[in-house]
Amino acid sequence: MSSSETPELILHRWPGRWNLPSLSPECIAVETYLRLAGLRFAAEDCRTHYASPSGALPALDQNLDVVGGAVPGDTNRDPNGTLARHRIVEHLRRKVRDVDAHLGPDDRAQLAAYVALVEHKLATTTAWYQWIDKDRFAKHTRPAYGAAFPAPLSHVLPWMWRRTQLAGAVAVESNDQRVRDGLRDAYASLASKLASTGGPYLLGAEPTSVDALLFAHLAYHARAPCMDVARGIMKAFPALVKYVEDVERSLFPTPDGGNPGRGGSAPGALDSSSWREPPSANARGRRNWWGRRESGFGGDGEEKPLSAMERRFRRRSRWSVLIAVGAVATYLFAGDVVTIAMEGIEQGDEPSPGDDDDDDDDDDDGVEPNHDEDDDEGSEEVLEE
């Protein structure tokens, strides 16, 4: 696929950090599924979920058909992208490529059980130390998510997203010890399953959709600085460490280009000719940011579809406007506060007769800015060789 050709699959994700493909385990899970299926796709980093065409991350753009956002009438909260990931994977299984097609009834029952285990134990641990634990959030998560924004947005936006996480974390365990105990039990069960099947994947020699989700959380536990507790527990289960190393080595390209990985832009990646439902020439486009409907591919009399650069520009325009408005409003507000404070100080420098006591009180009204320092320790390699 040439650089000028519009990709048939575009994965919109949170940007990568800490030697991980993305800050979000749910985005890593979708990318891992695409690579397990050997599909050709392009990845586009979004600084915020507002920059996504669906308003949520992860999101999948398939020939102008966006998957991952909320469906009409759906009122469920999705602060960490779990529902978006589920919608994307189900869409890929039905219409593009199903990595679970080879499973029999018994294996499908095991698949469902282990997906539930990962979602209820590993994902709970990830959310706890990434967002709920206040100290780890302030030290690691907030600087990572706010790195793309200037102050004060680099502080305000991550804290707003944390409030959303707290409001939606109804299933999270209530204390740190329960989280640790649940994670240790889950690790033991997963390591036992890998030993019984012989790997290299959880259910045997062939990958399944649970491997995408499992690898995403295990890799996050192994590399994210905020997951130091999970990393310490994982060291007691070398089979899980080996699992992460093997899956990463087989699927993801290396920075030096020595290993192209699988899927994505790697040679031999599968295009739409191998999809379960190849795209229709009369497929309806989606509405862009300006409210106009983008045309589909093919068909007489239809408009030429927008290029990838044009669609990216229009999608990001909204967020650029919001950033500009927020920065101007912050500047004006901060300027008014400082002006009022300086006026109070100047008035105190020229006291009128009989008002010495009042002026002394006014001298204490000055506003002293509070400068917070980011404590971003950067990427941290944690997998043991």
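Conventions used here
One numbering rule holds for all chains: residues counted from 1, following each sequence as written. In keeping with the predicted nature of the model, local features appear solely for residues at pLDDT of at least 70, side-chain atom pairs appear and are counted solely at 80 or more, and the whole-chain, interface and lining totals rest on all residues. By convention in this description, side-chain values take in all heavy atoms of the structure and omit both hydrogens and water. Only DSSP runs of H or I reaching four residues or more are called helices, and only runs of E reaching two or more are called strands; each is numbered from the N terminus. Categorising residues by exposure relies on relative accessible area from a 1.4 Å probe, with only protein chains included: less than 20% of the type maximum marks a residue as buried, more than 50% marks it as exposed, and the intermediate range marks it as partly exposed. Whether two residues are in contact is decided by their heavy atoms: any pair within 4.5 Å suffices. Shrake-Rupley sampling with a 1.4 Å probe provides the accessible areas, and residues are treated as covered by the protein chains on show and by no other component. Planes of paired rings set the category: under 30 degrees apart is stacked, over 60 is edge-to-face and the rest tilted, where pairs are Phe, Tyr or Trp rings (Trp by its six-membered ring) whose centres lie within 6.5 Å. Polar contact is defined as a pair of N or O atoms within 3.5 Å, subject to the rule that within protein one atom must be able to donate a hydrogen and the other to accept it, and that residues adjacent in sequence are counted only when both atoms are side-chain atoms. How far a helix is expected to stretch is found by multiplying one less than its residue total by 1.5 Å. Here, the term nonpolar core denotes a set of buried Ala, Val, Leu, Ile, Met, Phe, Trp, Tyr and Cys residues that are joined through side-chain atoms within 4.5 Å. Strands are labelled as partners when DSSP assigns at least two bridges between them. All axes here are fitted lines through C-alpha atoms, helices being fitted over the stretch that makes contact, and every angle between N-to-C directions spans 0 to 180 degrees. Think of a salt bridge as a Lys or Arg side-chain nitrogen and an Asp or Glu carboxyl oxygen that are within 4 Å of each other.

Enquirer: Please explain the overall build of the protein as it appears in this structure.
Expert: When helices and strands are tallied, the protein shows eleven helices and four strands. Relative to its full complement of 385 residues, the protein shows a buried share of 44%. Pairs at least 24 residues apart make up 71% of the contacts formed inside the protein by residues separated by at least 6 positions. For the protein, the exposed surface amounts to about 19,800 Å²; the carbon and sulfur share of it is 51%.

Enquirer: How should the packing of aromatic side chains be read in this particular structure?
Expert: By the definition in use, this model includes ten aromatic pairs. Consider the rings of Trp14 and Tyr145, whose centres lie 4.9 Å apart with planes at 70 degrees: the pair is edge-to-face. On the criterion of sequence distance, the pair formed by Trp14 in the loop between strand E1 (9–13) and helix H1 (25–36) and Tyr145 in helix H4 (residues 134–146) is long-range, its members being 131 residues apart. Overall, Trp14 belongs to the buried group, its relative accessible area being 9%. By relative accessible area, which is 5% here, Tyr145 ends up buried. Centroid distance Trp14 to Trp161: 5.3 Å. Interplanar angle 70 degrees. Geometry classified as edge-to-face.

Enquirer: Sorry, what's going on with the environment of Asp100 here?
Expert: Among the secondary structure elements, Asp100 is positioned in the loop between helix H2 (82–96) and helix H3 (105–132). Along the backbone, Asp100 and Val210 are 110 residues apart, and their C-alpha atoms lie at a distance of 9.2 Å. At 2.7 Å, the side chain of Asp100 forms a polar contact with the side chain of Ser209.

Enquirer: When you look at H1 in this model, what are you seeing that I'm missing?
Expert: Because an α-helix completes one turn every 3.6 residues, residues spaced three or four positions apart along the sequence face the same direction. Along its twelve residues, H1 runs 16 Å from first to last C-alpha, staying within 8% of the 16 Å computed at 1.5 Å per residue. For H1, the tally of buried residues reaches twelve of twelve residues, placing the bulk of the element in the interior. Along H1, the residues classified as buried are Pro25, Glu26, Cys27, Ile28, Ala29, Val30, Glu31, Thr32, Tyr33, Leu34, Arg35 and Leu36. Residues of H1 that are buried in the fold lie against E1, H2, H3, helix H7 (209–223) and helix H9 (238–251). One or two residues past the end of H1 sits Gly38, with phi positive at roughly 70 degrees.

Enquirer: Got a minute to help me understand the nonpolar core in this structure?
Expert: Across soluble globular proteins, nonpolar side chains show a tendency to be buried alongside one another. Core analysis: the biggest nonpolar cluster contains 79 residues, and Leu122, Tyr187, Leu218 and Leu240 have the highest contact counts within it. Among the elements that take part in this core, H7 stands out by supplying ten residues, more than any other. Beyond its immediate sequence surroundings of up to four residues, Leu122 is in contact with Leu117, Leu183, Ala186, Tyr187, Leu190, Leu214, His217, Leu218 and His221.

Enquirer: I keep staring at the sheet that holds strand E4 (residues 65–67) and nothing clicks. Help me out?
Expert: One key point about sheets: their strands pair by backbone hydrogen bonds, in either a parallel or an antiparallel sense. On the basis of which strands lie adjacent, the open sheet formed by four strands has the order E2-E1-E3-E4 and mixed pairing. Of all strands in the sheet, those bounded by a partner on one side alone are strand E2 (42–45) and E4. Mean inter-strand twist for the sheet, computed between neighbouring axes without regard to direction, equals 25 degrees. Note: strand E3 (residues 59–62) against E4, three bridges, orientation antiparallel. Residue pairing for E4: Gln62 is matched across the bridge by Asp65. Against the sheet, H2 engages E3 and E4, with an angle of about 30 degrees to E3.

Enquirer: Where do I start with the pattern of salt bridges in this structure?
Expert: Pairs can form between side chains of opposite charge once their charged atoms are near each other. In total, this model carries 16 salt bridges according to the counting rule given. The partner of Arg85 in a salt bridge is Glu119, and the shortest N-O contact between them spans 3.1 Å. In this pair, Arg85 sits in helix H2 while Glu119 sits in helix H3, placing the two residues 34 residues apart along the sequence. Owing to a relative accessible area of 7%, Arg85 belongs among the buried residues under this scheme. Looking at Glu119, the relative accessible area reads 30%, which means it is partly exposed. Here Asp98 makes a salt bridge to Arg93, at a shortest N to O gap of 3.4 Å. The pair formed by Asp98 and Arg93 is uniform in burial state, with each residue classed as buried. Each of the salt bridges in this network shares a partner with another, and the network as a whole consists of Glu90, Arg93, Asp98, Asp100 and Arg276.

Enquirer: Where do I start with unusual backbone geometry in this structure?
Expert: Backbone phi values are negative for most residues with the exception of glycine, while trans is the configuration of most peptide bonds. Residue Pro58 is reached from Leu57 by a cis peptide bond, and omega for that bond is 5 degrees. Assignment of secondary structure puts Pro58 in the loop between E2 and E3. Between Gly199 and the following residue, Pro200, the backbone shows a cis peptide bond with an omega angle of 5 degrees. Here Pro200 shows up in the loop between helix H6 (176–197) and H7. Backbone geometry places Trp18, a non-glycine residue, at a positive phi of 60 degrees. You can see Trp18 is positioned in the loop between E1 and H1. A positive phi angle is found at Asn19, which is not glycine, with a value near 60 degrees. Classification of Asn19 as partly exposed rests on a relative accessible area of 44%.

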